[in-house]
Amino acid sequence: SVEWRRESGVEGRLAAWEVEAAAGCSWRSKLVERYRCHGELGKDRLGVPVFMFRWSVFDAAGLERELGTELMLDIILGIHEQVLEATRAAMLERETVAPGAFFVWDV
C-alpha cells in the first residue's frame, strides 16, 4: 500500500540501491550482477518487454545470507517495479493498453 511504502522508507532504499547498482562499484552490486537471474529477452508485438526469470539458478538463501533480508527483498521489489515501469512505458509509447506481459520462468 501507499501507506506502507511511506512508513517503511522503501522508496529511499530502492532509490539508493538503484544508484549503487548502476555504479557497479560496490561489492554488493558486483555480487548481485554476477548472480543475476533475470533479463529482458526482447519485446512482444505491442512493444511490451518480455522477461526471463531463471529461478532454477536463484539462490535466495545465499542472497539473504550475503546481503541481508531487507536488501534482498528490496532488490526483488525493485526488479518487479522495473518490469511494471517498462510495461507502462511501452503502453504510453504505443498509446494502447497491453492486456498483460509475457514472462519466461526457468524453474
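Only a predicted model underlies this, so the values are computations on that prediction, with no experimental measurement involved.

**Student:** For this particular structure, what's the right way to read the sheet that holds strand 3 (residues 103-105)?
**Tutor:** Strand pairing in a sheet relies on backbone hydrogen bonds, with the paired strands running either antiparallel or parallel. Read across the open sheet, the three strands follow the order 1-2-3; overall the sheet is mixed. For this open sheet the edge positions go to strand 1 (38-43) and strand 3, each flanked by a neighbour on one side alone. Strand-to-strand twist across the sheet, computed as the mean angle between neighbouring axes with direction ignored, equals 20 degrees. The sheet strands contacting helix 5 (residues 69-94) are strand 1, strand 2 (49-53) and strand 3, and the helix crosses strand 2 at an angle near 160 degrees.

**Student:** Whenever I open this one, the pattern of salt bridges confuses me. Can you help?
**Tutor:** Oppositely charged side chains are able to pair whenever their charged atoms sit close together. Summed over the entire model, instances satisfying the criterion amount to 10 salt bridges. Note that R13 and D74 form a salt bridge whose closest N and O atoms lie 2.7 Å from each other. Taken together, the positions of R13 in helix 2 (residues 10-23) and D74 in helix 5 put the pair 61 residues apart, joining distant regions of the chain. E33 is the salt-bridge partner of R36, the closest N and O atoms lying 2.7 Å from each other. Of the residues examined, E33 reaches a relative accessible area of 45% and is grouped as partly exposed.

Conventions and cut-offs
Residues numbered from 1 in each chain as written. Predicted model: local features only at pLDDT ≥ 70, side-chain atom pairs only at ≥ 80, totals over all residues. Heavy atoms only, no water. Pairing = 2+ DSSP bridges. Helix = DSSP H or I, 4+ residues; strand = E, 2+ residues; numbered from the N terminus. Axes fitted to C-alpha atoms, helices over the stretch in contact; angles between N-to-C directions. Contact = heavy atoms within 4.5 Å. Salt bridge = Lys/Arg side-chain N within 4 Å of Asp/Glu carboxyl O. Buried < 20%, exposed > 50% of the residue type's maximum accessible area, 1.4 Å probe, protein only.

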